[in-house]
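Descriptive analysis of the structure
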Amino acid sequence: MITHWCPSSILSGDGSTKKFCLIVLNQPINHVDAFNRLWDNAFYKFVADGGSNRLYDAFKHDQHKLAQYIPDEIRGDLDSIRPDVRAYYESKRVKITKVSDQESTDFMKCVALLNEKEKERGQIFDIVATPALGGRFDQTMSSINTLYKFKDQIERKFILVSDENLTMLLDKGTHQIQCQLSLEGPTCGIMPIGSAATLTTKGLKWDMDNLKCEYGGAISTSNVVVNDIVEIVTDAPVIWTIEINLLNKPIQ
Ligand SMILES: Nc1ncnc2c1ncn2[C@@H]1O[C@H](COP(=O)(O)OP(=O)(O)OP(=O)(O)O)[C@@H](O)[C@H]1O
Ligand SMILES: Cc1ncc(C[n+]2csc(CCO)c2C)c(N)n1
């Protein structure tokens, strides 16, 4: 079985884009163009606790714009949302729900919220979380761990979007990644986080042929996509990351 990917479709929003759930995390929203594309292409928009401050701060200079970015729900332990931000979204009738357990991150609490919605609708959604990675290293590794937690749910794709990258987990098996080089690349990496992986690839400048990759040994960073389709065969889960290439690209 081949798993097909087109991660940048979450940015292009072309006809093939399956609607996904966008989860806004608590990191600065620096690339408003990319954020705007994700927002427009999302079906559900959930905000993890202090992510609401970031959403508010990104658009507060323009009340009209601010009012265009109204999420479906804000969820978390609510120790980070500011009172002024809470008052604003309450005035917009956004549901704000507190879940206090100290075992899961506010990111995971939003994933649990999606699971509730999915049960109601009888439908599974892909998940896109942003701004993910960067900031605190424990949170960054926790976000990568979230990808690992969902690796067996093959019916959904899970993509982390940071200022510079689209990042996802490729489970063991064969993957075909369609790259839209106008939106992403060419720089990419394949990281065997969690365990060693033996990799065979096609479509990269530095292709691998049954190369054992592991931390402490070889890993593939600063690699380059040279073909629209990249094929990766791996015997263990690996993290794929590709740079976002949206500079000076007008919104379609
Ligand atoms: N400094 C950070 N660096 C990277 N990611 C972060 C950081 N802070 C928060 N996040 C992400 O945003 C989500 C929402 O953050 P929140 O506002 O609740 O901060 P927090 O209380 O420190 O996070 P948590 O309660 O989940 O540990 C977190 O679950 C995490 O995924
Ligand atoms: C082994 C272990 N390590 C750390 C935490 C702490 N923790 C993990 S997620 C979370 C929620 C943050 O809002 C907190 C406090 C734990 N529970 N178990």
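The rules behind the values
Residues numbered from 1 in each chain as written. Chains lettered and ligands numbered in written order. Predicted model: local features only at pLDDT ≥ 70, side-chain atom pairs only at ≥ 80, totals over all residues. Heavy atoms only, no water. Helix = DSSP H or I, 4+ residues; strand = E, 2+ residues; numbered from the N terminus. Contact = heavy atoms within 4.5 Å. Areas by Shrake-Rupley, 256 points an atom, 1.4 Å probe, with all protein chains shown as cover. Lys, Arg positive; Asp, Glu negative; His and termini not counted. Charge placed at Lys NZ, Arg CZ, Asp CG, Glu CD. UniProt positions renumbered as here; feature names shortened; annotations may be inferred. Pairing = 2+ DSSP bridges. Axes fitted to C-alpha atoms, helices over the stretch in contact; angles between N-to-C directions. Near = heavy atom within 4 Å. Polar contact = N/O pair within 3.5 Å; in protein donor to acceptor, adjacent residues only side chain to side chain. Nonpolar A, V, L, I, M, F, W, Y, C, P; charged D, E, K, R; others polar. Salt bridge = Lys/Arg side-chain N within 4 Å of Asp/Glu carboxyl O. Buried < 20%, exposed > 50% of the residue type's maximum accessible area, 1.4 Å probe, protein only. Core = buried A, V, L, I, M, F, W, Y, C linked by side-chain atoms within 4.5 Å.

1. With respect to the overall build of the chain
Helices and strands together make up the secondary structure of the chain, namely seven helices and 15 strands. When the backbone C-alpha atoms are referred to their principal axes, the chain occupies close to 55 × 40 × 35 Å. Taking all contacts inside the chain whose residues are at least 6 apart in sequence as the whole, residues at least 24 apart take part in 71%. Total accessible area on the chain stands at roughly 12000 Å², and carbon and sulfur atoms take up 49% of it. The centroid of the 28 positive side-chain charges in the chain is displaced by 4 Å from the centroid of its 33 negative side-chain charges.

2. Topic: the UniProt feature "domain: Thiamin pyrophosphokinase thiamin-binding" (unreviewed entry) in the chain
The sites that UniProt annotates as "domain: Thiamin pyrophosphokinase thiamin-binding" (unreviewed entry) are residues 173–238. Across residues 173–238, helical content stands at 0% and strand content at 53%; the span's end C-alpha atoms are separated by 10 Å.

3. Side note on the sheet that holds strand E5 (residues 95–98)
If you trace the 10 strands from one edge of the open sheet to the other, you get E5-E4-E3-E2-E6-E7-E8-E15-E10-E13, paired in mixed fashion. With partners counted over all chains shown, the strands left at the sheet margins are E5 and strand E13 (220–224), one partner each. Adjacent strand axes in the sheet meet at a mean angle of 25°, parallel and antiparallel pairs treated alike. The pairing of strand E2 (residues 20–24) with strand E3 (residues 42–48) spans five bridges and is parallel. Following the sheet pairing, Val24 is matched in E3 by Val47. Relative to the sheet, helix H6 (residues 106–121) contacts E2, E3, strand E4 (73–76), strand E6 (126–130) and strand E7 (158–161), its axis offset from that of E3 by approximately 145°. Across the sheet, helix H7 (residues 137–149) touches E7, strand E8 (165–170) and strand E15 (238–244), and the angle it forms with E7 is around 165°.

4. Remarks on the site of ligand 2
Near ligand 2 the following residues occur: Asp77, Gln102, Glu103, Ser104 and Thr105. Taking Asp77, its side chain carries an N or O atom lying 3.1 Å from an oxygen atom of ligand 2. When the free accessible area of ligand 2 is taken as 450 Å², the share hidden by the protein chains comes to 42%. Classifying every residue of the shell around ligand 2 gives no nonpolar, three polar and two charged.

5. Quick word on the site of ligand 1
Looking at ligand 1, there are 16 residues lining it, with Asn26, Gly50, Asp106, Phe107 and Arg136 nearest. At a separation of 3.0 Å, an oxygen atom of ligand 1 approaches a polar backbone atom of Phe107. Interatomic distance of 3.2 Å between a side-chain N/O atom of Gln139 and an oxygen atom of ligand 1. Protein chains bury 84% of the 570 Å² of accessible surface belonging to ligand 1 in isolation. In the shell around ligand 1, the residues fall into three nonpolar, eight polar and five charged.

6. Some details on the pattern of salt bridges
For the coordinates displayed, the defined rule picks out 14 salt bridges. The salt bridge partner of Asp57 is Arg82, with a shortest N-O separation of 2.9 Å. Of the two residues, Asp57 sits in helix H3 (residues 51–59) while Arg82 sits in the loop between E4 and helix H5 (83–91), which places them 25 residues apart along the sequence. Classification of Asp57 by relative accessible area gives partly exposed; the value is 30%.

7. Side note on the nonpolar core
Ranked by size, the top nonpolar core spans 52 residues in total, and within it Ile10, Leu55, Tyr89, Ile177 and Trp240 carry the most contacts. Sequence-distant contacts of Ile177, defined by excluding residues within four places in its chain, comprise Trp5, Pro7, Met168, Leu170, Asp228, Ile229, Val230, Ile232 and Trp240. Residues Leu25, Ile127, Ile144 and Ile239 belong to the second largest nonpolar core, which totals 26 residues.

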